[in-house]
Each structure stands twice: as structure tokens, then as C-alpha cells.
Amino acid sequence: ADMITITAASKHRHFYLNNANANLTLSYIKLIGGDVREAYSYGGSILIYTNGGELNLYSSIVFNNKAKNGGGIYPRGASSTNRNAIMNIYNSIIHNNEATGNGGGIQMAYAVGTIYNTTIDYNQASYGGGMYIWRSDATMKNTIISNNAGYYGGGLFIGGDSTTVTLRQSSFINNDATGNGD
């Protein structure tokens, strides 16, 4: 009841970070309707781009956003050796987002991410319906990845050299990969 809803302007995302000193902290917020499939293609709701930045998302919902890659959120750092895009998500829901390419809910590339007590569900993409992790470090604890769909990696797609993913007390439920892997 105390959550604030922000609907993105037509053909825009909610937030864009592209500076190593940029720090965005959001609590009790619902971000809906971002759509950058035509103009920018990355991060339907939130994009952290190659110059870096840090997102701290608490008790929030990222819902019904669209992009070519990273339908909901896309932290994309500078390189494998400069993972300057930081994403921390706690007690949140990443729901019903869509990417025509990779990472329906979240795509990470050259980034560092922590996801605790979060649900990633009903997202869809070609690769990584729930989440796509590429050359990044990700830690997930008490996280549910469910009912996502992708041609490859319905729930989670992990790839690239020097990628480390740590999963603890997390569940993968009813994800659908029509090409390969759940």
C-alpha cells in the first residue's frame, strides 16, 4: 500500500547510470512500462552503462518493461577486467519483463550483482528468460526463479569466461526452455 508506482514515458526507461560515482538507491517503488526496444535497446527499466554506477534496489517491483537486452534491468560494465556496474537487489520482484534478445528479467555483462530474497518470475527472452549472466560475478540467496521462458535457459543462462555465479537456498521452478536447458 505504501509503494510508489512510476510509469515510464513512452519509449523510455526509468533510470540510466553511466558514471562510476553514480549511486541509485530505490525503496518501496514499482517501476512499470519502460520500453526501449526501438531507441536504445538496453535495460527496459534501469540501465547501468559502461562508465559504471551502482544500483541498490530494496523491497521494490520491476514490472512489465521491455528491451532488446535486459528487459527489466541491465548492468553492463566496461570489460572483464573493469566490472564497474554494480547491482544489488533485496526483497524485490522482477516480474513480467521481456527482452527480444537476452535477459528477460535481468541481463548482466561485465558486472557484479547480489540478489537476496527476491523473486524473478514470468519474464521472457531468447536467451535467459529470467536472467542472463555474461562475464560477471553474481551471488543469489533465498531467490526464486520461476515461470520464466527462453529458447535457451528458461530460468537462467550463464556464459562467458571468468563468470562466477554463487547460488544459495534458491529455487528454480517451472521455467521453460524450448531449445536447451531449464
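One can find the structure itself at the top, above this paragraph.
In this report, we go over the structure that sits alongside the text.

## Points about the overall build of the chain
Thought 1: When its secondary structure is counted, the chain shows zero helices and 24 strands.
Thought 2: Since a compact globule built from 182 residues should have a radius of gyration of about 16 Å, the 14 Å found for the chain is in line with a globular shape.
Thought 3: In terms of overall dimensions, the chain has C-alpha extents of about 40 × 35 × 35 Å along its principal axes.
Thought 4: In the chain, which comprises 182 residues, the proportion classed as buried is 48%.
Thought 5: Taking the intrachain contacts of the chain between residues at least 6 apart in sequence as the baseline, contacts between residues at least 24 apart amount to 82%.
Thought 6: Total accessible area on the chain is roughly 7900 Å²; 45% of this is exposed by carbon and sulfur atoms.
Thought 7: A gap of 5 Å separates the mean positions of the 11 positive and 10 negative side-chain charges of the chain.

## What to know about the packing of aromatic side chains
Thought 1: All chains considered together, the criterion is met by eight aromatic pairs.
Thought 2: Taken together, a centroid distance of 5.5 Å and an interplanar angle of 90 degrees make the contact between Tyr-127 and Phe-157 edge-to-face. On the criterion of sequence distance, the pair formed by Tyr-127 in strand β16 (residues 124-127) and Phe-157 in strand β21 (residues 156-159) is long-range, its members being 30 residues apart.
Thought 3: Relative accessible area serves as the criterion here: at 21%, Phe-157 is assigned to the partly exposed category.
Thought 4: Directly above the aromatic system of Phe-63 lies the positively charged group of Lys-30, at a separation of 5.0 Å from the ring centroid.

Thresholds applied
Residues numbered from 1 in each chain as written. Predicted model: local features only at pLDDT ≥ 70, side-chain atom pairs only at ≥ 80, totals over all residues. Heavy atoms only, no water. Helix = DSSP H or I, 4+ residues; strand = E, 2+ residues; numbered from the N terminus. Rg over C-alpha atoms; globule rule 2.2 N^0.38 Å. Buried < 20%, exposed > 50% of the residue type's maximum accessible area, 1.4 Å probe, protein only. Contact = heavy atoms within 4.5 Å. Areas by Shrake-Rupley, 256 points an atom, 1.4 Å probe, with all protein chains shown as cover. Lys, Arg positive; Asp, Glu negative; His and termini not counted. Charge placed at Lys NZ, Arg CZ, Asp CG, Glu CD. Phe/Tyr/Trp six-rings, centres within 6.5 Å; stacked < 30°, edge-to-face > 60°. Lys NZ or Arg CZ within 6 Å of the ring centre and 35° of its normal.

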